[in-house]
Amino acid sequence: MPIDQATSRRRFLQFLAGSPLIAGSLPAFAEGSVAGAKLSDPIIWAPLKTENLIKSPKEAINVFDFEPACRANVPPAHFGYMASGIDDEVTLRANREGFLKFVLRPRRLVDVSKVDMSVEIFGVRYQTPIIVAPVGGQQSFHPEGEIAVAKAARAGDHLQILSTSTNAGVEDVAAARGAPLWYQLYATNKWEVAKAMVARAEKSGCLAVAVTIDRSGGRNQETLFRLVPTDSRDCNACHERGSLATNLKRRAMYQGLDISGLSHTQSSNMTWDFLKRLRDTTKMKIVLKGVLAHEDAVLAADAGMDAIIVSNHGGRSEDSGRSTIDALPEIVEAVRGRMPILIDSGFRRGTDIVKALALGAHAVCIGRPYIWGLGAFGQPGVERVLELLRIELHAAMQQVGAPTVKDLVPGMVRRA
Ligand SMILES: Cc1cc2nc3c(=O)[nH]c(=O)nc-3n(C[C@H](O)[C@H](O)[C@H](O)COP(=O)(O)O)c2cc1C
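Residues numbered from 1 in each chain as written. Predicted model: local features only at pLDDT ≥ 70, side-chain atom pairs only at ≥ 80, totals over all residues. Heavy atoms only, no water.

**Notes on the environment of Gly261**
Alright, step 1. Tracing the backbone through its elements, the reader meets Gly261 in the loop between helix 10 (244-247) and helix 11 (272-281).
Alright, step 2. Classification of Gly261 by relative accessible area gives exposed; the value is 63%.
Alright, step 3. Linking Gly261 and Lys190, residues 71 residues apart in sequence, is a C-alpha distance of 7.3 Å. (Helix = DSSP H or I, 4+ residues; strand = E, 2+ residues; numbered from the N terminus. Buried < 20%, exposed > 50% of the residue type's maximum accessible area, 1.4 Å probe, protein only.)

**Some remarks on the side chain of Ser323**
Alright, step 1. For Ser323, the location among the structural elements is in the loop between strand 9 (307-310) and helix 13 (324-335).
Alright, step 2. One polar contact links the side chain of Ser323 to the main-chain amide nitrogen of Asp326, over a distance of 3.3 Å.
Alright, step 3. Once you skip the residues sitting within four places of it in the chain, Ser323 turns out to touch Ala94, Asn95, Gly98 and Asn312. (Polar contact = N/O pair within 3.5 Å; in protein donor to acceptor, adjacent residues only side chain to side chain. Contact = heavy atoms within 4.5 Å.)

**Section: the packing of aromatic side chains**
Alright, step 1. Summed over the entire model, instances satisfying the criterion amount to five aromatic pairs.
Alright, step 2. Judged by centre distance (6.2 Å) and plane angle (40 degrees), the ring pair of Phe64 and Trp372 falls under tilted. Here Phe64, found in the loop between helix 1 (5-18) and helix 2 (66-73), pairs with Trp372, found in helix 15 (residues 368-377); they are 308 residues apart in sequence, far enough to count as distant.
Alright, step 3. On the numbers, 4.8 Å between centres and 75 degrees between planes, the contact of Phe99 with Phe347 is edge-to-face. Taken as a pair, Phe99 in the loop between helix 4 (90-97) and strand 1 (102-104) and Phe347 in the loop between strand 10 (341-343) and helix 14 (350-358) lie far apart in primary sequence, 248 residues in all.
Alright, step 4. Here Lys285 stacks its cationic end above the ring of Phe122, 5.7 Å away from the centre of that ring.
Alright, step 5. The positively charged end of Arg316 is found above the aromatic ring belonging to Tyr81, 4.7 Å away from the centroid. (Phe/Tyr/Trp six-rings, centres within 6.5 Å; stacked < 30°, edge-to-face > 60°. Lys NZ or Arg CZ within 6 Å of the ring centre and 35° of its normal.)

And the structure:
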């Protein structure tokens, strides 16, 4: 029996509405409603329209407003590099959907007229638990790159973690931030390279080295690969992919190093032995970035690591499908307070941050949103992104009844 278009559309909508994946997130349609289909309520009257770009940072009402403005400004290949996850991008989406699995359980009648969002990490007090995550090559998003981000981080007193793949040198970024950074390490396959980078970071005043341990394999960044051919510029003019040496020309931390024998910038050969060696090499605190299993968290504490970052690299490492907020509770339980636990991947809202802090994280790192701000407006864009997150966090802490970060306790969050 032939099915007309209206019937087939109705059946499709009924199917969608019944899907556990979509239920609760399918918008009700303002027109053409379908008899028999249970669509969610209320109707969404004011969805984000990606073609309506904000013209100034002040116009943004949330961090998502910056992404389309960044898309309009940044070359398609660079935007694709930033937006990309891996393969089907299941982990990328899971990072956001993970927050729906946890609901808030606010407490009332607590005086929250004054909120103190400050946290102390390694003896340093920051006015906010929101940390700027390491993101490589920030000049691909704005000519002022990491320097603009450092100035914005300074304005809101955010800890900044600088990537090994930074365009600007650690000394210049530290000067622009006006306070010590943390240095993120991609160890490479060559110990001497890692050692030299760590020594340079320490000399420039960095307090900690965050060793990224989740980039040991290749990756299929499909969004990137599909957007590269839409970029009309000659990518080889900048990237010079002929050899690793030419490709690293714009990476400040490799300058002056003997990179002979360097086969790649990641470290598929890294084991716990590397961290022992690192411990004997630097006085900086050592933080492991990319922990997802409670067994590794316990090994990290046993190995004397100073902190961990629960991270799936913003869905850019493996398409495992597990969000970091999902992984956090088992890790907090296993670590039993032996070291601070930081977290990143998918954090976009004050309530996301409140959930992680209440579940036992000490601080939260933000990746793509500040890059959206950078690509859209440079330093003022990053400042506004960070400000919006602080405003939302402040309001969320008031609403759950937590005047300080210490007052965010596990009872304020439940699995949905
Ligand atoms: C464009 C881009 C570049 C990144 N570069 C690095 C890097 O150089 N070193 C690193 O450890 N993590 C890097 N990350 C991962 C971030 O530090 C962080 O884990 C991730 O962005 C958090 O997820 P979110 O983007 O959803 O907030 C990068 C992420 C993006 C999006």
